[in-house]
Amino acid sequence: MSEVEFRLAVRSWLAEHLPASLRGVGGPGREHEHIEARLDFERELGAGGFIGLGWPAPFGAAADIARQVIFYEEYSRAGAPGRLSHIGEYLLGPTLIAHGTPAQQARFLPPIARAEEFWCQGYSEPEAGSDLAAVRTTAVLDGDVWRITGQKVWTSLAHVADWCFVLARTDPASVRSRGLSYLLVPMRQPGIEVRPIVQLTGTSEFNEVFFDSAVTAADNVVGAPGDGWRVATATLGYERGVATLGQQLGFARELATVLSGAPADPVLQDELVDAWVGLQVLRHHALRTMGSAPDPSGTAASVAKLLWAPWHQRLGELALAAGGPQSTVVPGDYDLTDAQRLFLFTRADTIYGGSNEIQRNIIANALLGRP
Ligand SMILES: Cc1cc2nc3c(=O)[nH]c(=O)nc-3n(C[C@H](O)[C@H](O)[C@H](O)COP(=O)(O)OP(=O)(O)OC[C@H]3O[C@@H](n4cnc5c(N)ncnc54)[C@H](O)[C@@H]3O)c2cc1C
């Protein structure tokens, strides 16, 4: 199928399968909307073969970069909803393809591709955010299961997820990045409690997750026990780099919305032109990173994050500026406008996926040749 034919096929598939009620929902600060209907739509996407589009054969459709971009463009153009399966598809999927056993790939990849199992990422803890190697959650091998005890925090979509990939300390004598393991843990069990955290937007996209002797099978460890740091950092590379391409096409739609409502103010219009130029820069960086051989400096994903996060934050500010002074007034019942949600949610962009300060540290260490 040519690229044009593929575009038309995606467009007509979306026209047929995307319910009108899901158009434009679930974006930043609107993650709580229509969860059940969005899960159903994810399953439709899976049945249509659109999840795991970029995964290599035999796991996925092995679509080239151009077709992945076309899919995202059409998805964004149709106003399709915020994704719920992206943590499985873009973070765990590539990690299992690179580091999982054939049995783990066979067990976990197909349910992600069919949107039958949803995932969350259990890295951050109250004392381990930027300093991820300070993880204290423990896992002890007890016969044929790992028993996990501890607390994770800021866990996006834990309230929706069926499974969590958890970074836990499996060697009690270990320190820092040694002795950690990357465990695949079922969320729906008595040993796990999920408590939503209300965010600035008034909604709860992330949660605290408490593990009290929660269990997972002994073979649900990716990489060797004790080698979880290597696997966990590979996942972070996917989170900061390639996974952001779909997100950027959503940015283009947000920018178009801001442009359409912007007054004829020369200063604001100048800034909006800058925003448009910035969008081209980060889009081309992402495309070049995806299309080229692995970056030997290992910094491309960090550069991508440093490009898109401040850009998106500024867009949130421009969205409010375009609405004039009244756009900053929040009604008593906290029923926010789209611009207010965008502004408030984008405050988090320079924090999640590793803060921008941490990305600068990664780049500095790579350039200075530090371990
Ligand atoms: C919307 C959102 C969703 C998230 N989703 C998830 C998720 O699904 N799963 C998950 O595991 N985590 C998630 N996180 C957590 C995120 O990864 C952490 O918030 C992030 O790593 C920062 O950690 P922290 O919040 O503990 O801040 P801290 O590490 O305490 O940092 C506080 C400040 O100090 C700075 N700082 C810290 N150390 C250094 C240093 N060495 N050099 C320079 N500056 C430094 C930081 O840049 C930051 O400005 C999410 C966060 C947000 C905001």
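Shown above is the structure to which this text applies.
Along each chain, residues carry numbers from 1 onward, in the same order as the chain's sequence is written. In view of the model being predicted, local features appear only for residues whose pLDDT reaches at least 70, and side-chain atom pairs are presented and counted only at 80 or more, with totals across whole chains, interfaces and linings using the full set of residues. Only hydrogens and water are set aside; all other atoms, that is, all heavy atoms of the structure, feed into the side-chain values.

> Would you mind going over the packing of aromatic side chains with me for this structure?
Two aromatic rings are characterised by how far apart their centres lie and by the angle between their planes. Pairing of aromatic rings covers Phe, Tyr and Trp, the last counted by its six-membered ring, and requires centre-to-centre distances within 6.5 Å; plane angles under 30 degrees mean stacked, over 60 mean edge-to-face, and any other angle means tilted. Under the criterion given, the structure shown has 18 aromatic pairs. Measuring from centroid to centroid gives 6.4 Å for Trp 119 and Phe 165, while their planes differ by 35°, and the two rings are tilted. Taken together, the positions of Trp 119 in strand E1 (residues 119-122) and Phe 165 in strand E4 (residues 163-169) put the pair 46 residues apart, joining distant regions of the chain. Throughout this description, buried means an accessible area under 20% of the type-specific maximum (1.4 Å probe, protein chains only), exposed means over 50%, and partly exposed covers the range between. Judged by relative accessible area, Trp 119 falls into the buried class, the value being 2%. Their ring planes at 55° and their centres at 5.2 Å tell us that Trp 154 and Phe 206 sit as a pair that is tilted. Residue Trp 154 is located in the loop between strand E3 (145-152) and E4, and its partner Phe 206 is located in strand E7 (residues 206-217); the two are separated by 52 residues in the primary sequence. For helices the rule is a DSSP run of H or I covering at least 4 residues; for strands it is a run of E covering at least 2, with both sets numbered from the N terminus onward.

> Would you take a moment to explain the packing of helix H3 (residues 65-77) against helix H8 (residues 266-291) for this structure?
For any two helices packed against each other, one specifies the crossing angle of their axes together with the interaxial distance. The geometry of H3 relative to H8 is characterised by a closest axis approach of 10 Å and an angle of 145° between their N-to-C directions. Facing Ile 65, Gln 68, Val 69 and Glu 73 of H3, the residues of H8 in contact are Arg 283, Leu 287, Met 290 and Gly 291. Split by residue class, the contact of H3 with H8 holds four nonpolar, two polar and two charged. The convention used is that axes are lines fitted to C-alpha atoms, helices contributing only their stretch in contact, and that angles between N-to-C directions extend from 0 to 180 degrees. We call two residues in contact whenever any of their non-hydrogen atoms come within 4.5 Å of each other. Each residue receives one of three labels: charged for Asp, Glu, Lys and Arg, nonpolar for Ala, Val, Leu, Ile, Met, Phe, Trp, Tyr, Cys and Pro, and polar for the others, Gly being one of them.

> Sorry if this is basic, but what is going on with the site of the ligand here?
What makes a residue near a molecule or strand is one non-hydrogen atom of that residue sitting within 4 Å of it. Around the ligand, 17 residues are found, and the nearest of them are Gln 121, Ser 130, Trp 154, Ser 355 and Glu 357. As used in this structure description, the phrase polar contact means that two N or O atoms lie within 3.5 Å; if the pair is within protein, one of them must be able to donate a hydrogen and the other to accept it, and residues adjacent in sequence are counted only when both atoms belong to side chains. Between Gln 121 and the ligand, the recorded distance is 2.7 Å, taken from a backbone N or O atom to a nitrogen atom. In short, Shrake-Rupley with a 1.4 Å probe defines the accessible areas, and a residue's cover is counted only from the protein chains shown. When the free accessible area of the ligand is taken as 970 Å², the share hidden by the protein chains comes to 66%. When the residues that make up the shell around the ligand are grouped by side-chain class, the tally is seven nonpolar, eight polar and two charged.

> How should I be thinking about the nonpolar core in this particular structure?
One broad trend across soluble globular proteins is that nonpolar side chains are buried collectively. Only buried residues count toward a nonpolar core. Its members are Ala, Val, Leu, Ile, Met, Phe, Trp, Tyr and Cys residues joined through side-chain atoms within 4.5 Å. Within the largest apolar cluster, 53 residues are counted, with the highest numbers of intra-cluster contacts made by Phe 41, Phe 71, Trp 119, Phe 165, Tyr 182 and Leu 184. Looking at this core, the elements with two or more residues in it are helix H1 (3-17), helix H2 (35-47), H3, helix H4 (86-99), helix H5 (102-113), E4, strand E5 (180-186) and helix H6 (228-240). With six residues, H4 is the single largest residue contributor to this core. The contact partners of Leu 184, leaving out residues within four places of it in the chain, are Leu 92, Leu 96, Phe 108, Trp 119, Trp 163, Cys 164, Phe 165, Thr 216, Asn 220 and Val 222.

> How do you make sense of unusual backbone geometry when you look at a structure like this?
One can expect most non-glycine residues to show negative phi and most peptide bonds to be in trans. Each neighbour pair has its own omega, and for Ala 57 with Pro 58 the value is 5°, a cis peptide bond. Residues other than glycine seldom take positive phi values, yet Trp 154 does so here, at roughly 65°. Residues other than glycine seldom take positive phi values, yet Ser 213 does so here, at roughly 60°. Note on placement: Ser 213 falls in strand E7.

> When you look at the pattern of salt bridges in this model, what are you seeing that I'm missing?
Working definition: two side chains of opposite charge can pair if their charged atoms are close together. Any Lys or Arg side-chain nitrogen found within 4 Å of a carboxyl oxygen on Asp or Glu counts as a salt bridge. One pass over the full model with this rule turns up 22 salt bridges. A salt bridge links Glu 42 to Arg 83, with the nearest nitrogen and oxygen atoms 3.1 Å apart. With Glu 42 in helix H2 and Arg 83 in the loop between H3 and H4, the pair connects residues that are 41 residues apart, well separated along the chain. Here Glu 42 and Arg 83 have matching classes, each one buried. The structure contains a network of salt bridges with shared partners spanning Arg 7, Arg 11, Glu 73, Glu 74, Arg 77 and Arg 283.

Any functional reading would require information beyond the geometric quantities listed.
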